Structure formats: structure tokens, C-alpha cells
Amino acid sequence: MAHINDNYRKLPGNYLFSEIARRVAAYQSDNPSAKIIRLGIGDVTQPLPQVCVEAMKRAADELSHVETFRGYGPEQGYEFLRGAIAEHNYIRRGLNVNAEEIFISDGSKCDCGNIQEIFALDSRIAIADPVYPVYLDTNVMAGRTGALQSDGHFEGVTYLPCTADNNFSPEVPRGHVDLIYLCSPNNPTGTTLSKDALKKWIDYARANDAIILYDAAYAAYITEPDVPSSIFEIEGARECAIEFRSFSKTAGFTGTRCGYVVIPSGLTGAAADGERVPLKNLWLRRQTTKFNGTAYIVQRGAEAIYSDEGQAQVKKLVGYYMENAKIIREGLSSAGLTAYGGVNAPYIWLKTPDGEGSWEFFDRLLRTANVVGTPGAGFGPCGEGYFRLTSFGDRDKTIEAMNRIAAM
Ligand code: PLP
């Protein structure tokens, strides 16, 4: 008999965005003339930077000639892209990260979800709450948690509450954990971790022989100069941190797919017999077995953002979304709502009025303003009472959505 992985059954049946889609479809079918504006899903809407498109066309052309054709590429990614990333995102900023420590992938979701495979099944995990659900769900699937409890928490997980009371900056736990998932700028709160906060986490991780899994998928959205873009800006991070980055929101690659992981050379974990094993070697072993590299055409497209022209085009693209974020933030506050984020991130996290539940607020916003957002409860128990809007929409629709919310 083929037994299934029962851990999958611990996960709640309805994936957040499927439930949203179901409710929106039901409303639209009952109200066919309603002009619904979607500020819910975190997908981008603006076209790829022209430099990327041109680089991909050139790469496609190369593949059409026998002399320049390429088949399987290196599993870790082509040197031209790893070198460009190391140079622009780290070395030029005075950070000690080299191309050998970078692993190109087909996006951060896979990296954030797969990284747990190289750690022991009995590792204790700590996860910011609310946060991108992939960290928790992949650990549930792997069997690193107990069952889902009635209060919305999985047994055996250390949740790190992020609320307005602690400025959405999770505090280090009192007890011991082995793996710590942090996301900054955070999805969904749109808030960031300061250098001081990160230093505390690094001190904790070093004292506990723990590893920080640092998701910086939205680093390109940081506008305030003192907010760290990389955990490697903080002293000691190379001894305890892995960083994830993505081209998805930086350059519109959500459909094109490209991301990367940085694993410092000296970073190790303990084997059962006590030997220290470089995590980079384990990840390379994992990737060479289960991954055959990101498409050459895509890697050439990603490389193009590091040209002067590419940097200018990416800045313009991010600037477009950040102007939307400003419109949303200001629109919500003039409607009398309390909102966070939206300064260093494309996400705006609003407090639902009068303690209204986040799904109730979702339904009310859909019915009265025909605007779709994401209920905070979908990102973790501490997201209850909050609601996420994204700035990835089209400008006119974003303005129209704010006008409708103001009229509510
Ligand atoms: N990390 C965070 C925090 C995200 O919000 C997302 C996507 O929404 C990802 C990673 C995944 O991005 P990618 O498109 O690179 O898989």
C-alpha cells in the first residue's frame, strides 16, 4: 500500500489565495456589474525592464546557433550572474560575499521552502508571526511540527509575535531554537528590522549555535538609508546566516523566475557525531541532485539589471510601486485607518477598525468598496485584526480603490 505523507494532512485545507479567489468569484457572479479592484495578491503588474527583454532575446538567439548553443548549465548558476550579484549587491557595498557563495535558483519560494531539507528533522524552528506562509508550511510538510491547534498555532513551533506593540520587530525567544526564519522587509507587514534588532538576533544565533534564514526578497524596496538591505551588513552574520533574494519583485520576474541564496563559506552545522559540516556543501549537494539550473535566457535577463541602464530601469519600476504605496498609506490614513509599512516595502498593513475580524473586514471591503485585499489572519495568528493591501496594482486603479475606501 502506498502510504501518503500524513504531515500534509496537518495543513488547513484552503490555501489563503484560493479562499480569496472563491469569495471574489462568488461575489462577482452575484454582482456581474461590480468593478472589482484587486489589491490582494502580491504579483507585479508592470512589464519587464526593457534591458532584460533585450538580453533575453539575445540569449535566445545564441541558443539558435550550434556554435553558441548551451544545454544544461551549472547547477549553482552561471558565473556571469553570480559575479554580477556579488559585485553589485555585496562587494560594492563593502560586504564580504563572493560569487562562490551565491546559488542561483528559479525563485525564492523554492529556496525558502527547500532549505529546511539540509537540517535535522528534530530542529526547533522559530517563525515570525505574521509572515510569508511558505516557511511554516514546508516545515509542517517535512514533519518538523505537531498538529494545528485550535488557537491557530502548530505544536512544536516557536512563534515570534510581530504586532504594533513591538513595532513588528520580533523579540528573541527565551528558550533555545535551531532555525530562525526572519523576513525583512516583511511580507505582509511591510515593516523592516533595524540594525540593532538584527544584531540581537545574530548574538542569539551565535550563542545558541542556531542558523538565521533571512528572506530579503523585498530588499530593493528599502528607501530609508539606515535600514539594512542585507543581513551581512551586520557583524557576525557570516557565522550564522543564510540570505535569500529574488528578482521577482526587484525586476518583475514573478513569471520569468530567478532568485538566489547566499551561504557563507565558513557557515557550518553540527552532524550527529558532532563534526561541523559546511552548509554550502550540503546545499550544493542538494541542488546538484534535485535541480538542473535556471534557464540560460533567464539568467542573462537577470544579469542585465546590473548595467547602468538596467539599474535606472529597475529604479523606475520600483519607484512606480512605491508611489502607489504612498497613495495607499495616505489614503488609508485620511480615511481614519491606522496603517503600517509601505515606506520600505510594497505592502501596507492596516489595523481593521473597531477590532473587526480580518475575514469580516475582507467581506465588508469587497461588498461596499469592491476592493480585494488579504486578511491578515492568513499570515499567522498575530495577523488577526489586520489586513494587507499591496502596491503592485495599476496607478489609476489604486487611486480609485482609495477613493472608494474613503467613501466607505
Ligand atoms: N519571499 C517572500 C517574503 C515573498 O513574499 C515571496 C513572494 O511573494 C517570495 C519569497 C517568493 O518569491 P519568488 O517569486 O522569488 O519565488
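Undergrad: Help me out: how do you make sense of the site of the ligand in this one?
TA: For the ligand, the set of nearby residues contains 14 residues, the closest of which are Ser108, Asp215, Tyr218, Ser246 and Ser248. Here Asn187 contributes a side-chain N or O atom positioned 2.8 Å from an oxygen atom of the ligand. Interatomic distance of 2.6 Å between a side-chain N/O atom of Asp215 and a nitrogen atom of the ligand. Protein contact buries 91% of the 400 Å² of open area that the ligand shows by itself.

Undergrad: I tried to follow the sheet that holds strand E15 (residues 386-390) on my own but got confused; where do I start?
TA: In a beta sheet, neighbouring strands are held together by backbone hydrogen bonds and run either parallel or antiparallel to one another. Taken together, the four strands give an open sheet; going across it, the order is E11-E12-E15-E14, and neighbouring strands pair in antiparallel fashion. Pairing within the sheet leaves two strands with one partner each, and these edge strands are strand E11 (339-341) and strand E14 (374-375). Relative to E15, strand E12 (residues 347-351) runs antiparallel, the two sharing five bridges. Bridge pairing in E15 links Tyr347 to Thr390.

Undergrad: Help me understand helix H8 (residues 279-290) in this model?
TA: Owing to its 3.6 residues per turn, the α-helix aligns residues three or four sequence positions apart on the same side. Along its 12 residues, H8 runs 16 Å from first to last C-alpha, staying within 8% of the 16 Å computed at 1.5 Å per residue. Among all positions of H8, only Leu279, Lys280, Trp283, Arg286 and Gln287 are buried. The buried residues of H8 all sit within an arc of 125° when viewed along its axis, so they share a single face. Residues Arg285 and Thr289 are exposed on H8 and point more than 90 degrees away from its buried face.

Undergrad: Would you take a moment to explain the environment of Val261 for this structure?
TA: Summarising the element assignment, Val261 is placed in strand E8 (residues 259-262). Sequence-wise, Val261 and Gln76 are 185 residues apart; in three dimensions their C-alpha atoms are separated by 9.8 Å. If we ignore the near neighbours within four places in the chain, the residues touching Val261 are Glu101, Ile102, Phe103, Asp111, Ile242, Glu243, Phe244 and Trp283.

Undergrad: Help me out: how do you make sense of unusual backbone geometry in this one?
TA: Residues apart from glycine generally show negative phi values, whereas peptide bonds are mostly found in trans. Across the junction of Asp129 and Pro130, the peptide omega takes the value 5°, indicating a cis bond. Omega for the bond connecting Asn187 with Pro188 falls within 30 degrees of zero, at 20°, which places this linkage in the cis form. Considering the arrangement of structural elements, one finds Pro188 in the loop between strand E5 (179-183) and helix H6 (195-208). Unlike most non-glycine residues, Asn167 shows phi in positive territory, near 60°. Relative to the assigned elements, Asn167 resides in the loop between strand E4 (157-161) and E5. What makes Asn167 exposed here is its relative accessible area of 60%. Of note, Phe168 is a non-glycine position whose phi angle comes to about 60°, a positive value. Relative to the helices and strands, Phe168 is located in the loop between E4 and E5.

Undergrad: Is there a simple way to explain the sheet that holds E4 in this structure?
TA: Spatial ordering of the open sheet is given by E2-E8-E7-E6-E5-E3-E4, a layout of seven strands whose pairing is mixed. The open sheet has two edge strands with one neighbour each: strand E2 (102-105) and E4. Strand-to-strand twist across the sheet, computed as the mean angle between neighbouring axes with direction ignored, equals 20°. In terms of strand pairing, strand E7 (residues 241-246) meets E8 through four bridges, oriented antiparallel. Paired with Ser246 across the two strands is Gly259, which belongs to E8. Packing of H6 onto the sheet brings it into contact with E4, E5 and strand E6 (211-215), and relative to E5 it is tilted by some 165°. Against the sheet, H8 engages E2, E6, E7 and E8, with an angle of about 25° to E2.

Reading the values: rules and limits
- Residues numbered from 1 in each chain as written.
- Predicted model: local features only at pLDDT ≥ 70, side-chain atom pairs only at ≥ 80, totals over all residues.
- Heavy atoms only, no water.
- Near = heavy atom within 4 Å.
- Polar contact = N/O pair within 3.5 Å; in protein donor to acceptor, adjacent residues only side chain to side chain.
- Areas by Shrake-Rupley, 256 points an atom, 1.4 Å probe, with all protein chains shown as cover.
- Pairing = 2+ DSSP bridges.
- Helix = DSSP H or I, 4+ residues; strand = E, 2+ residues; numbered from the N terminus.
- Expected span 1.5 Å × (residues − 1).
- Buried < 20%, exposed > 50% of the residue type's maximum accessible area, 1.4 Å probe, protein only.
- Arc of directions from axis to C-beta.
- Contact = heavy atoms within 4.5 Å.
- Axes fitted to C-alpha atoms, helices over the stretch in contact; angles between N-to-C directions.

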